[in-house]
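Examination of the molecular architecture
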Amino acid sequence: MTPIERVPLIEAVFVFWKKPLGNDYQAYHGHVYRVYNYTLFQMETEDRIVHEKVAIASAFHDIGIWLDRTFDYLEPSIAHAREFLENSGRTLWGDEIAKMIDNHHKLVPYRGEFGAMVEAFRKADLLDLSMGLLGPKIPSAFTKEVRRMFPYEGFHKVLLGVGTQWIKKNPLNPFPMIKP
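Residues numbered from 1 in each chain as written. Predicted model: local features only at pLDDT ≥ 70, side-chain atom pairs only at ≥ 80, totals over all residues. Heavy atoms only, no water.

Further remarks concern the packing of helix α3 (residues 25-43) against helix α9 (residues 140-149). α9 packs onto α3 with a crossing angle of 155° between their chain directions and a minimal axis gap of 10 Å. In terms of orientation, α3 and α9 fall into the roughly antiparallel class. Note on packing geometry: the crossing formed by α3 with α9 is right-handed. Along the contact surface, α3 presents R34, N37, Y38 and F41, while α9 presents F142, T143, V146 and R147. A breakdown of the residues in the contact of α3 with α9 according to their chemical character gives four nonpolar, two polar and two charged. (Axes fitted to C-alpha atoms, helices over the stretch in contact; angles between N-to-C directions. Helix = DSSP H or I, 4+ residues; strand = E, 2+ residues; numbered from the N terminus. Parallel < 35°, antiparallel > 145°, perpendicular 65-115°, else oblique. Left-handed = near helix turned anticlockwise from the far one by under 90°. Contact = heavy atoms within 4.5 Å. Nonpolar A, V, L, I, M, F, W, Y, C, P; charged D, E, K, R; others polar.)

With that out of the way, let us pick up the packing of helix α7 (residues 94-102) against helix α8 (residues 115-129). The geometry of α7 relative to α8 is characterised by a closest axis approach of 8 Å and an angle of 35° between their N-to-C directions. For the pair α7 and α8, the sense of crossing is right-handed. When α7 is examined against α8, the residues E96, K99 and M100 are found in contact with a partner set consisting of M117, V118 and F121. Across the contact of α7 with α8, the residue classes break down as four nonpolar, no polar and two charged.

Here it is, written out as structure tokens:
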């Protein structure tokens with residue numbers, strides 16, 4: 001599989017986020033595409049509907065950090081995704097995409113409804129968050145090409161900064177997005 005460099009659906013959503021993301025635009029944009037490509041690599045499908053679902057989940061999975069200015073971002077991100085799905089005539093995908101977003105930081109493998117896609121998405125995000133140290137076994141040639149196309153652009157530094165601010169204000173709930 002060759003990494004996918006441009007997805008019109010992702011780009012259409014990002015048009016509206018340039019200002020809210022500010023200096024973090026490139027960092028989050030790259031993270032979205034890395035997660036998108038890593039998820040699809042695991043799924044091994046050319047199904048257009050699967051590609052669209054993964055694109056939407058990828059775009060929205062962390063967006064609450066910026067649009068809602070919170071590190072407790074799963075529910076806000078799901079709400080933004082559901083609004084987009086409703087406005088674009090894809091309401092029936094809401095539960096599946098919500099599961100992908102809600103479980104992308106689950107500590108153990110996901111085994112519930114929509115399991116294959118949710119688990120592939122969870123593992124793809126883990127692969128990117130860990131900079132390739134954890135997650136699915138994807139050939140290094142593929143991950144290197146994806147990272148060349150979509151460099152980190154300080155994504156991890158952004159998360160560290162947001163996370164540090166959250167922990168200072170919420171020491172008893174340091175990582176609200178983590179699911180057992």
